[in-house]
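An overview of the molecular structure
Chain residues, written in single-letter form:
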Amino acid sequence: MDIAKRNPNNPLMRPSDLKPAIPGMEITCLLNPGVFRMNGKTWLVLRVAERPVQQDGIISFPVYDKEGKIKVLSFDKNDPQLDATDPRVIVFNGQYYLTTMSYLRLVCSDDDVHFTEDPAYQPIFGEGFQESFGIEDCRVATMDDGYYLTFTEVSPVAVGVGLISTKDFKTIKREGMIFPPHNKDCALFQEKIGDLYYAFHRPSSPELGGNYIWVAESPDRIHWGRHKCIATTRPGKWDSARVGAGAAPIKTSEGWLEIYHGANKENRYCLGALLLDLNDPTKVLARSEEPIMEPIAEYEQTGFFGNVVFTNGFYLGEDGDTINVFYGASDEVICNAKFSIKEILATLKK
Ligand code: MAN
């Protein structure tokens, strides 16, 4: 059952609301924001995807070259070596490319409806070969010693997880790739359990296994080990093809509550919940049978890549029960919905 209370102002942001940051490009999609609170405001770390204005018969997209400069690659749409059936990725002669280049951009708001940019906070672009196809889907963990950003690093050789630490988002420290390929959907727990840090991550095991949610532990947030698979896909269900963690889990009296995404073979992305033991988050206490949110609004069903609700950011309301979720709809627009922790827990008990 869909128990999300959608913001009547949805979509809150569309690609046309911002100016492209890469010269010569247009913004094609705004996606999947990380969320944090700072100076009394709500901040979103948007994934912005850009590409050149498309010409008839040609697919063109930006990548970084070896010198770190943007260059545009183009392919003839009729080339028999080209597979362009997925609007997000193309395969040419066995080599994968993304159709857009993503980077991260901060916007903030006093009312959670109108978001604006503050020029004091610069966009975060991919840097170096391992981010030469861009960076995506940032989670922000707010911890007692600063903010920790986990995001997807994409390049011709890998999809992996990068880490950035910052205290103010004005200076940032790039900590490198913390989960090697193929891995994405990494969210840090916002506090230690015992002496250790914990994280969700989503390796993909193509031959044996699949796209499952794992938990790992670390002494320093850089080196991760003791990996355990905690949630697999479920045949015949809404999350039969892939699952991945959303943002940090929420500490409740019943356990760690995690909102995750699941997709089926048709690439329909829904949200569900996991409840994990407070002392041992590799122990799953409950899991949603049915989604708690499905792509049912018009803006969730049609867009750059339709039938998608995808979240990797929220903040907790002052009442201690309201989860203020921000999410990407149809891989194109930014939206907001509220959930009640009590209501989610009630669906898990059934
Ligand atoms: C998938 C999708 C895309 C993303 C690529 C690379 O195809 O999630 O949005 O750009 O993977 O991560």
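That block above? That's the structure.
The notes below deal with the structure included here.

What counts, and at which threshold
- Residues numbered from 1 in each chain as written.
- Predicted model: local features only at pLDDT ≥ 70, side-chain atom pairs only at ≥ 80, totals over all residues.
- Heavy atoms only, no water.
- Near = heavy atom within 4 Å.
- Polar contact = N/O pair within 3.5 Å; in protein donor to acceptor, adjacent residues only side chain to side chain.
- Areas by Shrake-Rupley, 256 points an atom, 1.4 Å probe, with all protein chains shown as cover.
- Nonpolar A, V, L, I, M, F, W, Y, C, P; charged D, E, K, R; others polar.
- Helix = DSSP H or I, 4+ residues; strand = E, 2+ residues; numbered from the N terminus.
- Buried < 20%, exposed > 50% of the residue type's maximum accessible area, 1.4 Å probe, protein only.
- Contact = heavy atoms within 4.5 Å.
- Pairing = 2+ DSSP bridges.
- Axes fitted to C-alpha atoms, helices over the stretch in contact; angles between N-to-C directions.

Here's the deal with the site of the ligand
Taken together, Arg47, Arg88, Val89, Leu98, Glu136 and Lys184 make up all the residues around the ligand. Arg47 is positioned such that a nitrogen or oxygen atom in its side chain is 3.1 Å from an oxygen atom of the ligand. Between the ligand and Lys184, the relevant distance is 3.0 Å, taken from an oxygen atom to a side-chain nitrogen or oxygen of the residue. Burial of the ligand by the protein amounts to 80% of the accessible area it has alone, namely 300 Å². A class-by-class count of the residues in the shell around the ligand yields two nonpolar, no polar and four charged.

Let's talk about the side chain of Glu300
Within the secondary structure, Glu300 is located in helix H1 (residues 298-301). A relative accessible area of 0% means that Glu300 is categorised as buried. A distance of 2.8 Å separates a polar atom in the side chain of Glu300 from a polar atom in the side chain of Arg6. Beyond its immediate chain neighbours, meaning those up to four positions away, Glu300 contacts Arg6, Met293, Glu294, Pro295, Gly306, Asn307, Val308, Val309, Tyr327, Ala329 and Ser330.

Some points on the sheet that holds strand E14 (residues 183-188)
Neighbouring strands of a sheet are bound in pairs by backbone hydrogen bonds; such pairs are parallel or else antiparallel. Reading across from one edge, E14-E15-E16-E17 is the order of the four strands in this open sheet, with antiparallel pairing throughout. Single-partner strands in this sheet number two, and they are E14 and strand E17 (225-231). Recorded for the sheet is a direction-independent mean angle of 25° between the axes of neighbouring strands. Examined bridge by bridge, strand E15 (residues 197-203) and strand E16 (residues 213-218) share five bridges and lie antiparallel to one another. When the sheet's bridge partners are listed, Phe200 is paired in E16 with Val215.

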